[in-house]
Amino acid sequence: MSNAFDGRTAADFLSDPDTRVAYGEEINKEMMVKSKVAPFIAKNPSDEGAIIKGVVGTLEMGNNFRVPFTDELLDAGARGNVKFNATEEELKKLSMFVKVDMIQHSVPSTETVLNPKSANSFRATAKTKLKNWGVKKVDNIYISGFTADCTNIVACGHHTAGVTTGITTSDKFCLADVSEAKARAEQGYAYNAAGERIEVPPLLPYMQEENGQKGYFETLNYYVMWIGSDAERDLKDDPNWVNAQKEAKDRGANNPLFTGSLGFWDGVLLLPFKTANKRQSGILRSNGEFTGFSNVKKFDLTKYSGAGGIPTEINLFLGAGAGVIAVDQPANFYDWPDKDDPRYLKAGTDKIFGFAKTKYNSKDNDDLLEDNIYNNKDFGVIAVVSPCRA
C-alpha cells in the first residue's frame, strides 16, 4: 500500500506542505481556466478596473477580514488666494468586512487500489471531477453573492417601479433595459413611478477609453453585464440586436473578452452566463437555488418573483469593485486510505477564502457614511430582472 503514496505513510503524505501546495497550484490554475467569473477577478491588488478586487492575507476559518477603501473627495474646496487650511477635507478611509469561509468535497474509490496503477487512475479521475465541482461551486458563490438583496433593481418593462412584482411574461428583456442600467450607473439617479428623480449609487466603469476624434476630448465608460439563457433568447428579438453584435465583433480583434460576448451596446459588454442548474453555474432564477457563503449564508430568491409569483431571471450589470475576494492559498487536493478498509482510497479538495458583494455600512465606519449615497447600498451591482420563458 505504501507505493500508492510514493513510499510514505498517509500521515506523512498529508502533512507534507509541498505535496499539498503542488497539487493546489495545479488544480487552482485548471479551475481558473474553466471559470466563467475568473476573467473578471483582479490579477493583482492594484487592478482598479477589476469587477472583483482581491486582497491577500492570512485567513482563518470564521474570522472577519477587513477590506479598506478610501472614498473620493467630495467637498467644493475653495477659490482665490486663501490658505490651504481653508480647503481641508479629511480622507474618508472606509472598511468592509468579509467573513472567511471554506468549501470542501470528497469522493471514495469504488474499487480496491492495491497497485500504483489503479491508485493513480483513481487520483486522476477524482482530481478532474473535484476540480469541475470546485469551478461550479465557486462561480455559484460569486453569482449568488452578487444577486443577494440587491438595492438597485431594473425591472424589465417597468423601469420606474424599483420592484419586480409588476413583471409579466409579456415583458421581454431588451437593449432598452441595458441602457436604463447604464444610465443609472453613469448618472447616479433613476426615476420613480411619480416621475421624481431619486439618487442611486453610480458605478465605477471596469474599463475606460479616451476619445479625441470628435474635436474635443471625452472619456468613454464601459461596464459588463452577465445575462441568463432566457434573456439571451429575448435579446435576439430586439431589432437593435444586429448592431450590438457587429460592435462586439469589431472590438473583439483587440480584446479577447469581446470575442466571447453576445454583443456590445451603449458601452456595455453583454456576456452569456447561461442559467444555473445542477450541472452548470450561471445566472439565478427567482425559483432557483441560492449558494450561501461568507457574509450571506441564506437568501430568499423569490424576492425577485414577478406578477403572480412568475419566475424571473436575475441578470447582473456590474462595475469595477462590485465584489471582494479574500484569498490566502490555492485549493488543496488530498488523497488518503479509507480508515475502515485501507484497500480503498478517498480523495478530497478544500479551499479557504472569503467573498462578498461590496457594500459599505455606516455603523462599521464611525458614521462616516451616514449621509453618503453608498451607505448600505450596492457599490457596483445593478440587478436587471426579466421574466423566464415558459
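Because the structure is a prediction, the values reported are computed rather than measured.

**Q** Got a minute to help me understand the overall build of the protein chain in this structure?
**A** Counting its secondary structure elements, the protein chain contains seven helices and 17 strands. For the protein chain, the proportion of its 390 residues judged to be buried stands at 47%. Put simply, of all contacts in the protein chain between residues at least 6 apart along the chain, 71% involve residues at least 24 apart. Accessible area of the protein chain: about 19,900 Å², with a carbon and sulfur share of 50%.

**Q** I would appreciate a short explanation of the environment of Ile373 in the present structure.
**A** Relative to the helices and strands, Ile373 is located in the loop between β16 (345–357) and β17 (381–387). Ile373 sits in the partly exposed class, given a relative accessible area of 22%. Put simply, Ile373 and Glu199 are 174 residues apart on the chain and 7.4 Å apart in space, counted from C-alpha to C-alpha. If sequence neighbours within four positions are ignored, Ile373 has contacts with Glu199, Val200, Pro201 and Pro202.

**Q** Which parts of the structure should I look at to understand the confidence of the model for the protein chain?
**A** In this model, the protein chain carries an average pLDDT of 84, and 85% of its residues clear a pLDDT of 70 or more. Low confidence marks residues 1–6, where pLDDT is under 50. Its contacts with residues over four positions away, or in another chain, come to 16 contacts. Here residues 17–22 is a poorly scored stretch, pLDDT under 50, and it has five contacts once near neighbours within four places are set aside; other chains count.

**Q** Help me understand the side chain of Glu313 in this model?
**A** Relative to the helices and strands, Glu313 is located in strand β13 (residues 312–318). Arg285 provides the closest opposite charge to the buried, salt-bridge-free Glu313, at an N-O distance of 5.9 Å. A polar side-chain atom of Glu313 sits 3.2 Å from the main-chain amide nitrogen of Ser229. A polar atom in the side chain of Glu313 sits 3.3 Å from the backbone nitrogen of Asp230.

**Q** Help me understand the state of the cysteines in this model?
**A** Two cysteines, two sulfur atoms, one covalent bond between them: this is a disulfide. One pass over the structure, following the stated rule, counts zero disulfides. Here Cys156 is not disulfide-linked; the sulfur of Cys174 is the nearest cysteine sulfur, at 6.8 Å.

**Q** How should the side chain of Ser144 be read in this particular structure?
**A** Mapped onto the fold, Ser144 is located in helix α3 (residues 116–147). A polar atom in the side chain of Ser144 sits 3.1 Å from the backbone nitrogen of Thr291. Once you skip the residues sitting within four places of it in the chain, Ser144 turns out to touch Leu284, Phe290 and Thr291.

**Q** Before we go on, may I ask you to explain the nonpolar core in this structure?
**A** Soluble globular proteins tend to pack their nonpolar side chains together in the buried interior. Counting 45 residues, the largest nonpolar core has Ile51, Ile52, Phe146, Val224, Trp226 and Leu318 as its most contacted members. Those elements giving two or more residues to this core turn out to be α3, β5 (153–155), β9 (218–227), β11 (268–272), β13, β16 and β17. At seven residues, α3 tops the list of elements feeding residues into this core. Leave out the neighbours within four places in its chain, and Leu318 touches Ile51, Phe146, Leu203, Tyr223, Val224, Trp226, Gly380 and Val381. Judged by nonpolar contacts, the second largest core, of 21 residues, contains Val178, Ala181, Leu262 and Phe317.

**Q** Mind showing me how you'd approach the pattern of salt bridges here?
**A** Close approach of charged atoms lets side chains of opposite charge pair. Considering all chains together, one arrives at 18 salt bridges under this definition. Taking the shortest distance from any N to any O, the salt bridge between Arg184 and Glu180 comes out at 2.9 Å. A residue pair is termed a helical-turn pair when its members lie 3 or 4 positions apart in one helix, as Arg184 and Glu180 do in helix α4 (residues 175–187) at four residues. On the basis of relative accessible area, Arg184 is assigned to the buried category, the value being 4%. Put simply, Lys182, Glu186 and Asp266 are held in one network by salt bridges that share partners.

**Q** Would you take a moment to explain the packing of aromatic side chains for this structure?
**A** Aromatic rings considered in pairs are described by the distance between their centres and by the relative angle of their planes. Going through the model one piece at a time under the given rule, you end up with 13 aromatic pairs. Summarising the aromatic geometry, the rings of Tyr222 and Phe264 are spaced 5.3 Å apart at their centres and angled 65° between planes, so their arrangement reads as edge-to-face. Here Tyr222, found in strand β9, pairs with Phe264, found in strand β10 (residues 263–265); they are 42 residues apart in sequence, far enough to count as distant. Each of the two residues, Tyr222 as well as Phe264, counts as buried. An aromatic cluster is defined as three or more aromatic residues linked by ring pairs; in this entry it consists of Phe40, Tyr142, Phe146, Trp226, Phe273 and Phe355.

Reading the values: rules and limits
Residues numbered from 1 in each chain as written. Predicted model: local features only at pLDDT ≥ 70, side-chain atom pairs only at ≥ 80, totals over all residues. Heavy atoms only, no water. Helix = DSSP H or I, 4+ residues; strand = E, 2+ residues; numbered from the N terminus. Buried < 20%, exposed > 50% of the residue type's maximum accessible area, 1.4 Å probe, protein only. Contact = heavy atoms within 4.5 Å. Areas by Shrake-Rupley, 256 points an atom, 1.4 Å probe, with all protein chains shown as cover. pLDDT = per-residue confidence, 0-100. Lys, Arg positive; Asp, Glu negative; His and termini not counted. Salt bridge = Lys/Arg side-chain N within 4 Å of Asp/Glu carboxyl O. Polar contact = N/O pair within 3.5 Å; in protein donor to acceptor, adjacent residues only side chain to side chain. Disulfide = S-S within 2.5 Å. Core = buried A, V, L, I, M, F, W, Y, C linked by side-chain atoms within 4.5 Å. Phe/Tyr/Trp six-rings, centres within 6.5 Å; stacked < 30°, edge-to-face > 60°.

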